[in-house]
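Chain by chain, the residues:
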Amino acid sequence: QVQLVESGGGSVQAGGSLTLSCAASPYTTSTSCMGWFRQGPGKVREGVAAIYKSGGATVYADSVKGRFTLSQDTAKQTIYLQMNSLKADDTAMYYCAYLGWSGCTPLIPERFPSWGQGTQVNVSS
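Residues numbered from 1 in each chain as written. Predicted model: local features only at pLDDT ≥ 70, side-chain atom pairs only at ≥ 80, totals over all residues. Heavy atoms only, no water.

(A) Representation of the nonpolar core in the model. Judged by nonpolar contacts, the single largest core of 26 residues is most densely connected at Trp36, Leu81, Met83 and Tyr94. Mapped onto this core, the elements with two or more residues apiece are β3 (18-25), β4 (33-39), β5 (46-52), β7 (68-73), β8 (78-83), β9 (92-99) and β11 (119-124). In this structure Leu81 touches Leu18, Thr19, Leu20, Trp36, Val48, Ala49, Phe68, Thr69, Leu70 and Tyr94, once residues within four positions along its chain are discounted. Cys33, Phe37, Tyr52 and Cys104 belong to the second largest nonpolar core, which has ten residues in total. (Core = buried A, V, L, I, M, F, W, Y, C linked by side-chain atoms within 4.5 Å. Buried < 20%, exposed > 50% of the residue type's maximum accessible area, 1.4 Å probe, protein only. Helix = DSSP H or I, 4+ residues; strand = E, 2+ residues; numbered from the N terminus. Contact = heavy atoms within 4.5 Å.)

Set out below in structure tokens:
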């Protein structure tokens, strides 16, 4: 099993920025996909963004396109979610997830076997 550790959560004002990190250990496969999901109070867990280790292609939920950017440092087995123009609706627990084969889509939580503990993001308006 791959272990995932998230960091970077916190509280920001609407319109602000925050960057989340997720480090995987001890390794990731060459065909892996890593991504972020989020779940707000009383809401279902939804996919936010994901990235293919090989090639770096990304997918984003419509709700975050143009505001969030997902990148990776493959040598460090780490992904980064840069969140800009944050809104109150972005408030949620953000979870990092891992899938050991090429196939980031469909971006649904049931497809991802490995999960981090989550990091809280609070956006005040």
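Still more ground to cover, so stick around.
(B) Seen up close, the sheet that holds β7. In space, the four strands of this open sheet follow the order β1-β3-β8-β7, with antiparallel pairing throughout. Of all strands in the sheet, those bounded by a partner on one side alone are β1 (3-7) and β7. Taking the axes of each pair of neighbouring strands and ignoring which way they run, one obtains an average angle of 15 degrees across the sheet. As defined by bridge partners, β1 adjoins β3 across five bridges and the pair is classed as antiparallel. Each bridged residue has a counterpart across the sheet, and for Gln3 the counterpart in β3 is Ser25. (Pairing = 2+ DSSP bridges. Axes fitted to C-alpha atoms, helices over the stretch in contact; angles between N-to-C directions.)

(C) Here's a closer look at the pairing of β8. Pairing of β3 with β8 involves six bridges; the strand directions are antiparallel. Paired with Leu20 across the bridge in β8 is Leu81. Of the strand pairs in this sheet, β7 and β8 are connected by six bridges, and their pairing is antiparallel. Residue Phe68 lies in a different strand from β8, and its bridge partner there is Met83. Hairpin connection, β7 to β8: the antiparallel pair is bridged by four residues, and Gln77 has positive phi, about 55 degrees.

(D) Representation of the side chain of Thr78 within the structure. Here Thr78 lies in strand β8. Polar side-chain contacts of Thr78 include one of 2.9 Å to the backbone oxygen of Lys76. Setting aside its immediate chain neighbours within four residues, Thr78 contacts Cys22, Ala23, Ser71, Gln72 and Asp73. (Polar contact = N/O pair within 3.5 Å; in protein donor to acceptor, adjacent residues only side chain to side chain.)

(E) Structural detail: the state of the cysteines. In the structure shown here, the tally under the stated rule is two disulfides. Between the sulfur of Cys33 and that of Cys104 lies a disulfide, 2.0 Å long from S to S. Its S-S torsion of approximately 120 degrees makes the covalent link between Cys33 and Cys104 right-handed. Placement of the pair is Cys33 in strand β4 and Cys104 in the loop between β9 and β10 (114-115), with a sequence separation of 71 residues. Of the residues examined, Cys104 reaches a relative accessible area of 0% and is grouped as buried. Counting only the cysteines that take part in disulfides, in the order they occur along the chain, gives the pairing 1-3, 2-4. (Disulfide = S-S within 2.5 Å.)

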